[in-house]
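# Inside the fold
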Amino acid sequence: MTQRKLEAAIGLFLALLSAAFYWLVIPVYAPGSMFAETPPDLLPKACTVLIGALGGLMFLHRAFFEAEDGAAPAISLLDLRQMAVIVACFAAAILAMRLAGYIAGGAMLVAALMVYMRTRSLLRIAVTAGLTPLLLYGLFELLLGVPLP
Amino acid sequence: MDQIIAGFADALTITNIVLVFAGVLLGQVFGAIPGLSALTAIAIAVPLTYYLPPVGALGFLVGINKGGTVGGAVSAILMNTPGSPEAAATAFDGHPLAKQGKPLKALKIALYSSVSGDTFSDLVLILVAAPLAAFAIRMGPPEIMSVVILALTVIAGLVGLSMLKGLIAAAFGMLLSTVGLDPEAASDRFVFGIAELMDGIPIAAVGIGVLAMGEVLHQIKLHSRGTDDTHLPLASKNRADRRISLAEFRSCIRTILRSAAIGTGIGAIPGIGSSAAAFIGYEAAKRASDKPESFGKGNIEGVAAVEAANSAVVGSNFIPLLALGIPGNVAAALILGAFVVHGITPGPHLMEEQGQLIYGLFGAMIIGNICNFLIGNAGLRFFVMVTHVPANIIFPATGLLCLTGAFLAGGSFAMLLVTGFALLGYILRKLDFSFVTFIIGFVLGPMFELSFRQTVILADGELAYLLDRPIALSVLGLATVVVIKVLLTLKSRA
Amino acid sequence: MRNSNIMGRLAAKAACLISAAALTFSAPAAMADYPEEPIKIVVGFGAGGGADTLSRLVAKALERELGQPVVIENKPGGGGIVAATGLMRAEPDGYTIGMAVDSTFSLAPLFGGQVKYGVGDFDYLTTVASLQNAIVTSGDAPFATWDELMDHAKAGNKVSFASLSPATKMMMQYIANRDGVDLKIVPVKGGKEAMKEVLGGHMQIGWSAGAHQAYLKNEGVKVLASAGTQRLGLSPDVPTLLEMGYDFGVDGYFMFFAPKGIPADRLQQLTDALYKAAADPEVAKLAQQKMGFPNVVLTPQETTDEVLRMVGVYENLMAAAAGK
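Quick look at the structure, then.

This brings us to the sheet that holds strand 4 (residues 122–130) of chain C. All names here are of chain C. Taken together, the 5 strands give an open sheet; going across it, the order is 2-1-3-10-4, and neighbouring strands pair in mixed fashion. Each having just a single partner strand, strand 2 (70–74) and strand 4 make up the two edges of the open sheet. Each strand of the sheet is rotated relative to its neighbour by a mean of 25°, with strand direction disregarded. Bridge count for strand 4 against strand 10 (residues 253–259) is 7 bridges, and the pairing is antiparallel. Directly across from Thr 126, in strand 10, lies its bridge partner Phe 256. Of the strands in this sheet, strand 1 (39–43), strand 2, strand 3 (96–101), strand 4 and strand 10 touch helix 3 (residues 50–66), which is tilted by about 160° from strand 2.

Residue and element names in this part refer to chain C. Counted residue by residue, strand 3 has 6 buried out of 6 residues, so it is predominantly covered. Residues of strand 3 alternate between two faces, with Thr 96, Gly 98 and Ala 100 on one and Ile 97, Met 99 and Val 101 on the opposite face, all of them buried. With 4 bridges joining them, strand 1 and strand 3 adopt parallel strand pairing. Each residue of the ladder has a partner; that of Val 43, found in strand 3, is Met 99. Alignment of strand 3 against strand 10, held across 4 bridges, turns out to be antiparallel. When the sheet's bridge partners are listed, Gly 98 is paired in strand 10 with Phe 257.

Attention now goes to the layout of surface pockets. Residues and elements named next belong to chain B. Space inside the second largest pocket adds up to approximately 1500 Å³. Contributions of two or more residues to the lining of the second largest pocket are made by helix 5 (85–99), helix 7 (141–157), helix 9 (203–222), helix 12 (274–288), helix 17 (391–431) and helix 18 (435–459). Per-element accounting of the lining of the second largest pocket gives the leading share, 6 residues, to helix 5. Here the lining of the second largest pocket is built from residues that sort into 21 nonpolar, 11 polar and 11 charged.

Here we take up the packing of aromatic side chains. Scanning all chains against the criterion turns up 25 aromatic pairs over all chains. A centroid spacing of 5.1 Å and a plane angle of 75° characterise the contact between B:Phe92 and B:Tyr282, whose relative ring orientation is edge-to-face. Highlighted residues: B:Phe92 in helix 5 and B:Tyr282 in helix 12, separated in sequence by 190 residues. By relative accessible area, B:Phe92 is classed as buried at 19%. Relative accessible area serves as the criterion here: at 2%, B:Tyr282 is assigned to the buried category. Members of the aromatic cluster, connected to one another through ring pairs, are C:Phe105, C:Tyr117, C:Phe122, C:Tyr124 and C:Phe257. The ring of B:Phe433 carries B:Lys165 above its face, with NZ or CZ at 5.6 Å from the centroid. Of note, B:Arg429 hangs over the ring of B:Phe435, and the distance from its end group to the ring centre comes to 4.2 Å.

Parameters at a glance
- Residues numbered from 1 in each chain as written.
- Chains lettered and ligands numbered in written order.
- Predicted model: local features only at pLDDT ≥ 70, side-chain atom pairs only at ≥ 80, totals over all residues.
- Heavy atoms only, no water.
- Pairing = 2+ DSSP bridges.
- Helix = DSSP H or I, 4+ residues; strand = E, 2+ residues; numbered from the N terminus.
- Axes fitted to C-alpha atoms, helices over the stretch in contact; angles between N-to-C directions.
- Contact = heavy atoms within 4.5 Å.
- Buried < 20%, exposed > 50% of the residue type's maximum accessible area, 1.4 Å probe, protein only.
- 1 Å grid on protein atoms, 1.4 Å probe; cavity = no way out; pocket = protein on both sides within 12 Å on 5 of 7 lines; lining within 4 Å.
- Points joined across faces, edges and corners; volume = space filled by probe spheres on them.
- Nonpolar A, V, L, I, M, F, W, Y, C, P; charged D, E, K, R; others polar.
- Phe/Tyr/Trp six-rings, centres within 6.5 Å; stacked < 30°, edge-to-face > 60°.
- Lys NZ or Arg CZ within 6 Å of the ring centre and 35° of its normal.

This is how it looks when you write it as structure tokens:
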């Protein structure tokens, strides 16, 4: 896999996705309307066609007209896997805020991310994870009277 | 004249100065913290001002608004995490400067240009509000549409390395902006049965997610190898890198004035907003420069162009607000609410009825600019310390801030959205799809669509309607020229 | 007819106050345990706007009435739909109530889609202010009255109308169909925008829920018709659409609501307190003098009747639009 091939694949993917979106999603989720002078689905359709056409061009260009320079792809499966872990931390924190309140959820998020970044000092983790949500809670909930989750 | 003196005297009481000062401070802090923004601060502060005297209350809110213009540049420059679309372009040149060890230089030029742009538009407001307002009201749907089209053409200049990818990102941004109820028929578009999506994807969620939190994800991953390093190289100790010399400032004056004029013009027209002003200002500076290739690599003029333009909008937004009672953007609309609570009904008769109060407000604005400069100058040293904080503290904390900011702007649902958009922002960054054109498409999409559809209905199928609008035609002509020029000087690859 | 209506309201208010007093004296023990926690008002609009401002003032007065803190939570979206959807699922314990406008309950469910509640899912507690619905034009328009407008339109001129919402569009379309005229109905993003378009001459007439009141002096705008059931406070000479023979009038209220199922005694105590809070002089002063919305406080029964009346009005308009 090289960057050129990856981009060709992305182009093809975007072209196919746009086609599916145009024919399958837009008619159901953004139907036209008789009550409008300009159809509501005009702009979504125009954007989709544009993305599809540009994606197609990108595929053709990358696949057939661009010389292979052997560059490694800019994003790898490993990148995506790591990103999934980070995003999962955020998602878990949002859930935790709902269940256990803002401070607990916030502390969990900060601590998890710091652990993920391999912070060695436990004290540092404890202080940062404890203080950040407390400070924010103090500022908004107590000082300004704005409810947090 | 008596009114003017009485008004300014009202503004100069200790209480008011303290309130304006507090407002500016709050605005700068909220603006500087990634994930929060001056808008969040204003929304929170409006109810707090009900029990303040009118001039003080308005001074406080105006102060927040002004402080936000300065603060917004801070996170964009130091952390590459602009919290709102109008600061996105500040990061283009500001962050490279910080990476070169010159964060103070970037922050200072941002501060000076921001305050200059703001002062410029305040003066325009104070001196020629009435005639400008009369002009602004001539801007109907076709004119708004043409200005938005002009702003969209700057996408072409910002696509990054690949024209194809930049345009795909812009079209995707515009597609996402159509989520919600259709403005004309009120039929659903991509709502998928989720009531929270009826008003569209909140702009704060997209701004915080793609611009700020996307960068946070990127940095967290980048620093996941367990060092206690900071994310920026240590700031240079060299004096020239820590200040803006008079010669440097002078070289930026043309840019600042140009951007201030652009920002003032756009701010006077209700409904377009500071993001468009910022990008148009940046593009105009790049075009006028004799070394456009240095833009995006740490040119102080790039920072100056953006900051002068987006700050000028803040002052001139008050032109339609005071003269016509029509707010130019969301912040102005919130401040309008506060006006009303204090028994002031902005509109054509405001000057005759409440002259003293308005001069009091003008006085507060000038005090606000002075405070902005002073607090900014003192605060820069404080903000820049952020660069000494290890990455493994600052980015996790910023991640929580982004979530909190999203919650303040749109509730629990926005927290989920912002996380999704952060992931999108990360992928766009990685694959070099310009997230800036994505944001422009997203921000300008609804304005373009609404004004286009209004124009279609008003024209009723007759081209003559458009031919009757000289302003719209000339702006459209200008947009055409820009597109042709871009096509001729196309340097980016396919 | 107007007088009797006001008298009716006064009588109802008096009745409500008396019953409240009676209840407080007769059954103090039953209510001693409510409220013992803070009360939350979920506002269906963003912070800083008119609905938010009114809610916060009412909340202050309500705190005095109930002796418990009252907190405001903003849940903007869809003109109150997001807040109402959230409230529908809330525990009916009297500690969570909502604030929205009447069309959130009367009109929105008719549109279907993501609106998952019906008009019967809530108790309607009280209103706090009434909008000033009007159809306006700019001071230099070639017509000064509704009849002149209609003559102008019937002469073959397509008049452009700045429409604030699907509801205002539906109403104007109804009028246009009934009178056989053609209108260009242009969507705009709120009352202030509509004023800009009308003042700037980009659109000839526009809907206003009260935004026009600031421009009445020196004839910056002219009111062509009141779209409510009564004439407007600031334009008493302009007839209502009803008077001119159209069979609808929409008043529009900011109102409080709660999920159905709150225990009767709590509900009674809550509504009584809310009723007094909404009629608080400070709320009245803000609404009336500063925002330009009359502080009309309806009893729960009247509020419910108004919502149900509007369901009928909107159903008729929709049927007419669909059947054309």
